[in-house]
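Overview (structure and organization)
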Amino acid sequence: MKALTNTDFHFDGQRSVYHGKVRDVYNINDDLIVMIATDRISAFDVVLPKGIPFKGQVLNQIAAQFLDKTTDICPNWKLSTPDPMVTVGLKCEGFRVEMIIRSILTGSAWREYQKGSRVLCGVQLPDGMRENERFPEPIITPTTKADEGHDMNISKEEIIAQGLVGKEDYEIMEDYTRKIFARGQEIAASRGLILVDTKYEFGKRDGKVYLIDEIHTPDSSRYFYADGYEEKFAKGEPQKQLSKEFVRQWLIEHNFMNEPGQTLPEITDEYANSVSDRYIELYEHITGQHFDKAADASDIAARIEKNVTEYLKAR
């Protein structure tokens, strides 16, 4: 199994490192960020014990392409991708809020709606909606960004009142969110997909709001296949999805949702490779391009260290 699950680099100028659920983030001179998309995979707020080959490359390259395709809408942090699993970009002060935008009533929003809730993050929802029904227009349902555990739903008004984001900056983020999502939907439609919902993160640098982190990946977004969407919706059938939902479903089938007393099922090499195949399939559907597996998979860490070190020296 060739998968990168841990990193311990010491780059020139390195000030600190943050190990997230999937990404390891290296701070270079408080000016640049080296973000490594590892092959770790998380579900139900737990990092699974085995890495998924090429998953990090899939996520990094999808995000890089979509960041490049939205630079006319808003500035973003990306400078370069010196390695298939690495993006280097500007260090920004991240806002403690995630901007979630939804075009269809599904997932956690549907679960809340089923319970009788008609207000989601301050957004009024109409009565009589069904699962997987389109909203008249996309809605923004922000969450607070938690270091551990679950993010919490919050309204625009609460974000501003609590001082998490200033009113002017929030309205810029909201405008960018709608425009980037519209671009993502256009690109998805050209691939026979529906971009159902996604999340964006923003930060600030030199007084300007930047789009940061990943965008439009299967880890941060939900896609439906456009073909058959209307028919399945009319019949009340589950939609064919393009996201990591299949991993969550596999865990549920093996009686794991990270609840007390539950034990993670064994992740066999065979299952990990099947997940890898699905991620590569996701890449090819979302980008419309063939996925080229990175060379030097026998020592991924050495390859990354070499590529990043050469990039930083050349700056």
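Scope of this entry: the structure provided in the associated data block. All of these numbers come straight from a predicted model, not from anything done at the bench.

1. Some points on the pattern of salt bridges
- Applying the stated criterion to the full structure yields 25 salt bridges.
- In this structure, Asp72 and Arg183 form a salt bridge, with 2.9 Å as the shortest nitrogen-oxygen distance. Here the residue Asp72 occupies a position in the loop between helix H1 (55-68) and strand S6 (78-83), and Arg183 occupies one in helix H4 (residues 167-190), the gap between them amounting to 111 residues.
- You can call Asp72 exposed: its relative accessible area is 57%.
- We classify Arg183 as partly exposed; its relative accessible area is 22%.
- Across the salt bridge formed by Lys156 and Glu171, the nearest N and O atoms sit 4.0 Å from each other. You can see Lys156 sitting in helix H3 (residues 156-161) and its partner Glu171 sitting in helix H4, a full 15 residues away along the chain.
- Note on Glu171: relative accessible area 33%, which makes it partly exposed.
- When salt bridges with common partners are traced through the structure, they connect Glu98, Lys199, Glu201 and Asp213 into a single cluster.

2. A look at the packing of aromatic side chains
- One pass over the full model with this rule turns up 11 aromatic pairs.
- Here Phe11 and Tyr26 contribute two aromatic rings whose centre-to-centre distance is 5.4 Å and whose plane-to-plane angle is 75°, an arrangement assigned as edge-to-face. Taken together, the residues span a long stretch of sequence, with Phe11 in the segment before strand S1 (14-19) and Tyr26 in strand S2 (residues 23-28) at a distance of 15 residues. For the pair Phe11 and Tyr26, one class covers both residues: buried.
- Here a set of aromatic residues connected by ring pairs shows up, and it is made of Phe9, Phe11 and Tyr26.
- The ring centre of Tyr225 lies 4.2 Å from the NZ or CZ of Lys240, which sits over that ring.

3. As for unusual backbone geometry
- At His216, a residue that is not glycine, the phi angle is positive and equals roughly 60°.
- Structurally, His216 can be placed in the loop between strand S15 (208-212) and strand S16 (221-225).
- The class for His216 is buried, based on a relative accessible area of 0%.
- Within the chain, Asn258 stands out as a residue other than glycine whose phi angle is a positive 60°.

4. Concerning the pairing of strand S3 (residues 32-37)
- Most of S3 is tucked away, with 6 of its 6 residues classed as buried.
- Burial along S3 is two-sided: the residues Leu32, Val34 and Ile36 and Ile33, Met35 and Ala37 are all buried.
- Counted along the chain from S2 to the antiparallel partner S3, the turn is 3 residues long, and its residue Asn29 has a positive phi close to 55°.
- Sheet topology places S3 next to strand S7 (residues 86-90); 5 bridges connect them, and they run antiparallel. By the bridge assignment for S7, Ile33 is matched with Gly89.

5. Section: the packing of helix H6 (residues 245-253) against helix H7 (residues 269-287)
- Put simply, H6 and H7 touch, their axes get as near as 11 Å, and they point 150° apart. Classed by the angle they form, the pair H6 and H7 counts as roughly antiparallel. In this structure, H6 contributes Phe246, Val247 and Trp250 to the contact, and H7 contributes Tyr271, Val275, Arg278 and Tyr279.
- Looking at the contact of H6 with H7, its residues break down into 6 nonpolar, no polar and 1 charged.

6. With respect to the state of the cysteines
- This model, assessed by the stated rule, comprises 0 disulfides.
- Free of any disulfide, Cys74 has its nearest neighbouring cysteine sulfur in Cys92, separated by 11 Å.
- Judged by relative accessible area, Cys74 falls into the buried class, the value being 1%.

Rules used throughout
Residues numbered from 1 in each chain as written. Predicted model: local features only at pLDDT ≥ 70, side-chain atom pairs only at ≥ 80, totals over all residues. Heavy atoms only, no water. Salt bridge = Lys/Arg side-chain N within 4 Å of Asp/Glu carboxyl O. Helix = DSSP H or I, 4+ residues; strand = E, 2+ residues; numbered from the N terminus. Buried < 20%, exposed > 50% of the residue type's maximum accessible area, 1.4 Å probe, protein only. Phe/Tyr/Trp six-rings, centres within 6.5 Å; stacked < 30°, edge-to-face > 60°. Lys NZ or Arg CZ within 6 Å of the ring centre and 35° of its normal. Pairing = 2+ DSSP bridges. Axes fitted to C-alpha atoms, helices over the stretch in contact; angles between N-to-C directions. Parallel < 35°, antiparallel > 145°, perpendicular 65-115°, else oblique. Contact = heavy atoms within 4.5 Å. Nonpolar A, V, L, I, M, F, W, Y, C, P; charged D, E, K, R; others polar. Disulfide = S-S within 2.5 Å.

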